[in-house]
Structure formats: structure tokens, C-alpha cells
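# Overview (structure and organization)
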Amino acid sequence: MDDKILQIDNLKKYFPLRNGLVVKAVDDVSLRLGVGETLGLVGESGSGKSTIAYVLIGMYEATSGKVFYKGEEILRNGLRRTLKQKSEIQIVFQDPGSSLNPKRTIRQSLSVPLRIHSRGSSNQSLNEQVDSLLEEVELPRDFADKYPTALGGGERQLVSVARALAANPSLIILDEPTSALDVSIQAKVISKLIDLQREKSLSYLFITHDLSLMRNVADRVAILYLGRLCEQAPAAEFFENPLHPYTKMLLSSIPVVTLEEENMKPAKIRSSGEIPSPVNVPPGCAFHMRCRDKMPVCELERPVMREVSRGHEVCCHLEI
Ligand code: SF4
């Protein structure tokens, strides 16, 4: 991928605890995202996916690693971004109920980023810019004078998307943007996100626990387990030819719609064993306690990520 908007190299985020233990929330993760692409970053709760997002927006300080945005290094002794880079990298959080201020009308919430990032032409009033933002996410103009509590969950999330758009972004981090919504509302929000991506050439880092959602949304998929990457590949290759035992386990249990998808799914693999605590990640491969393909080496040596075909990387000791 030559036209990268985001490159993450060997990112680590450790949280030291008082008793001398360390939570390795993100442990040596490298990712690439192309311009106009969607990278689906998938993992169970506690896998570290949201921690990566929080490092990218400066909520957490990275322990080590490098981050490049449009070729410029933005993580150097802490996150260093120009105002333009800040405006170009936006985030939409999982819960719009808590990310929108309940005491502000939608107009007030949208006006804040509009004032900071001065989007639109100078002869367009702030109110006109708010109207056009609501139009972009297909919400009625009269929502501008409502409070978030007067809106449904999907509508609130579309307001959050409009707020991100107010800064004229190139890259939006979508942190579980639909997991708090009903399934029917989810489809509407996802479809709007896809339309906006096409219209504005946006790049999405789409963080989710829902692997099935990525089948129709992502260009590339990366799987995280206990802070480590297991596998990443172009989406079509990923769903047709999953290679890592953990990926196969996840894929074997997702619901599918068509017979073609059913035929592509790995045979049902029962999840065995508990997910280890992130405070006490086992030595060797972090997945070895649950892996039915485990070999003696897996308990001793941590596998390294290697490319097995163009763009398809797997972190496993198996001969693939
Ligand atoms: Fe399973 Fe070993 Fe591969 Fe880990 S390295 S996924 S334990 S086969």
C-alpha cells in the first residue's frame, strides 16, 4: 500500500500497576491504512483496540512506537500534531449519549468545532454551516435546536458523525460506532458512513468486536488478541482464507446471510479456555491456552508477524 494516510509501527501502551505488575494493553502493534480505505480493527473486549484509538487522539501517551500521518511522524515524545492534523483526525465514540453534552443544543455542540476549524466559506453563517452539516448526515434542520436527550440513539450518533465532519477530517476513528444501537438503526448509520466515505474520500479506522460487520464494510481487517495482532489481510482474502487459529475460531461462530458465506465459513470451532487476564498474559503465544493447534514451541516462544501472501500477515508458529 503506497498511498498511506496512517502508519503505526511497533506501538506499545503499557499501564503499570501499583503492585509492580503491568497491563500490556497494546503490545507491539503495526498497522497501515490507505487513503479512502476502511481498516477494520477487530477484537474482543480487553484486546486493546480502543487503547490504540486513545493513543491516536492523545488521550493516552504511548509507551513506545511510531505513528505517521500522511508520511509525517506525529508520535515523538508524546503526540505532536499541528492544528490542521488535529482537525483532520477525528473520532466518533461508541456512546453518543455520553459524548454529546446534554446541556447543549445540537446547534451549540456543532458550533464549537465549526468555530475552531472554520469550515466552509467565510460568507456562510455559523447557522448555515450547522444546517449543511445536518443535511450531510440526513437529519432534519429543526434538530439543531433540540437537546441530545430528545433524539434517538441512531440520530445522536449521526450528530456525532456531523460533529466529526465539522472539522473537515481526512481520517475518522470509529470506535464501536454502532454497538450501542438497535440492529435496524445500525444499518442506517453504517450506510450513511459508507456514503460519506465515498463522497469525501474519508479513511476509516473502524474499531469493533463485531467481525461479521466488517465483511461488507472493511477493505482490510486486522485481528487483535490481548494487545497483540494475530492476523491482517485484505478483507476478501481474510474472509476466504483465514489462517490464524484465533481468526478461524472467531469466523466459525459469526452469523452469515448467504449460502456462499456459509460455505466459506470454517467448521464450527468451540471456544475453549478462558481469555487470560491482560495483567498476566501467558509466555509464548498469547493464544496458546485456547488454541487447539498448540505445539510445544507455542508455550515458549512468542511468534512473529510474517507475510504469507501479498498483504496477508499472520502471527503464528504453524507452517502456513
Ligand atoms: Fe496456536 Fe501456536 Fe499459532 Fe499460537 S502460535 S495460534 S498457540 S499454533
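You'll find the structure just up there.
Thresholds applied
- Residues numbered from 1 in each chain as written.
- Predicted model: local features only at pLDDT ≥ 70, side-chain atom pairs only at ≥ 80, totals over all residues.
- Heavy atoms only, no water.
- Pairing = 2+ DSSP bridges.
- Helix = DSSP H or I, 4+ residues; strand = E, 2+ residues; numbered from the N terminus.
- Axes fitted to C-alpha atoms, helices over the stretch in contact; angles between N-to-C directions.
- Contact = heavy atoms within 4.5 Å.
- Salt bridge = Lys/Arg side-chain N within 4 Å of Asp/Glu carboxyl O.
- Buried < 20%, exposed > 50% of the residue type's maximum accessible area, 1.4 Å probe, protein only.
- Core = buried A, V, L, I, M, F, W, Y, C linked by side-chain atoms within 4.5 Å.
- Parallel < 35°, antiparallel > 145°, perpendicular 65-115°, else oblique.
- Left-handed = near helix turned anticlockwise from the far one by under 90°.
- Nonpolar A, V, L, I, M, F, W, Y, C, P; charged D, E, K, R; others polar.

### Some words on the sheet that holds strand β8 (residues 203–208)
The 8 strands lie next to each other as β6-β7-β8-β3-β9-β10-β12-β11, forming an open sheet whose pairing is mixed. Looking at which strands have only one partner, the edges of the open sheet turn out to be β6 (89–92) and β11 (305–309). Pairwise comparison of adjacent strand axes, ignoring direction, gives a mean angle of 20° for this sheet. Each of β3 (38–42), β7 (171–175) and β8 touches helix α7 (residues 183–200); the most contacted strand, β8, lies at about 155° to it.

### Notes on the pattern of salt bridges
The tally for this structure, following the rule as stated, stands at 13 salt bridges. With a shortest N-O distance of 3.6 Å, E44 and R290 are connected by a salt bridge. With a gap of 246 residues between them, E44 in the loop between β3 and α1 (49–56) and R290 in the loop between α11 (259–264) and α12 (296–300) connect regions that are remote in the sequence. Linking K200 and E136 is a salt bridge whose minimum nitrogen-to-oxygen distance equals 3.1 Å. Taken as a pair, K200 in helix α7 and E136 in helix α5 (residues 126–136) lie far apart in primary sequence, 64 residues in all. For K200, a relative accessible area of 31% gives the class partly exposed. Taking the relative accessible area as the measure of exposure, E136 reaches 19% and is therefore buried.

### Some thoughts on the nonpolar core
L211, M214, V221 and I223 are the most contacted members of the largest nonpolar core, which has 54 residues in total. For this core, the element with the highest residue contribution is helix α6 (residues 153–165), accounting for 6 residues. If we skip the residues at most four places from it in the chain, V221 touches L39, G40, V42, L211, M214, E231, Q232, A233, A235, F238 and F239. Within the second largest apolar cluster, 30 residues are counted, among which are L11, L41, Y69 and I91.

### Considerations on the packing of helix α4 (residues 106–117) against α6
It is the contact of α4 with α6, at a shortest axis distance of 8 Å, that shows an interaxial angle of 25°. What the angle tells us is that α4 and α6 run roughly parallel. Here α4 runs over α6; the crossing is right-handed. Seen from α4, the contacting residues are I106, S109, L110 and P113; seen from α6, they are V159, A162 and R163. For the contact of α4 with α6, the residue count by class is 5 nonpolar, 1 polar and 1 charged.

Note that every value here comes from positions in space, so none of it alone points to a role or purpose.
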